[in-house]
Amino acid sequence: MSTDPAPEPRDPKPTLVFDDPLNQQSSDDTDRGWGERGDGDGAADLKRFLDEKPPHHL
């Protein structure tokens, strides 16, 4: 009798997912997606505002 080697496990086939993409939260839906910082420091916010203010808003 000969023993056959165990077959190698196959990768699962990709499947189509028909979920509603609008039910999922994107990175733009969060504060982090818009570049917000989560530290909440008022002095740092004022410094950032003054540093990033365009020159025509002086």
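Conventions adopted
Residues numbered from 1 in each chain as written. Predicted model: local features only at pLDDT ≥ 70, side-chain atom pairs only at ≥ 80, totals over all residues. Heavy atoms only, no water. Helix = DSSP H or I, 4+ residues; strand = E, 2+ residues; numbered from the N terminus. Buried < 20%, exposed > 50% of the residue type's maximum accessible area, 1.4 Å probe, protein only. Areas by Shrake-Rupley, 256 points an atom, 1.4 Å probe, with all protein chains shown as cover. Salt bridge = Lys/Arg side-chain N within 4 Å of Asp/Glu carboxyl O. Patch = residues over 30% accessible without salt bridge, like charges linked within 9 Å, V, L, I, M, F, W, Y side chains within 5 Å.

Visitor: So what exactly am I meant to see when it comes to the overall build of the protein chain here?
Guide: Looking only at helices and strands, one finds one helix and zero strands in the protein chain. Sorting the 58 residues of the protein chain into buried and exposed places 0% on the buried side. Total accessible area on the protein chain stands at roughly 6,400 Å², and carbon and sulfur atoms take up 54% of it.

Visitor: How should the pattern of salt bridges be read in this particular structure?
Guide: Between side chains of opposite charge, a pair can form as their charged atoms come close. Under the counting rule described, the total for this entry stands at two salt bridges. Here K47 and D51 are joined by a salt bridge, their closest N and O atoms 2.8 Å apart. Highlighted residues: K47 and D51, both in helix α1 (residues 42-52), separated by four residues, approximately one helical turn. Of the charged contacts, one joins E52 and R48 as a salt bridge, the two residues approaching to 3.3 Å between their closest N and O atoms. Here E52 and its partner R48 are both found in helix α1, four residues apart, which amounts to about one turn of the helix. When its relative accessible area of 52% is taken as the criterion, E52 is described as exposed.

Visitor: Before we go on, may I ask you to explain a nonpolar patch on the surface in this structure?
Guide: Nonpolar side chains collect at one region of the surface, where L46, F49 and L50 lie side by side and expose about 320 Å² of accessible area between them. Following the sequence through the fold, F49 ends up in helix α1. With relative accessibility at 51%, the residue F49 sits in the exposed group.

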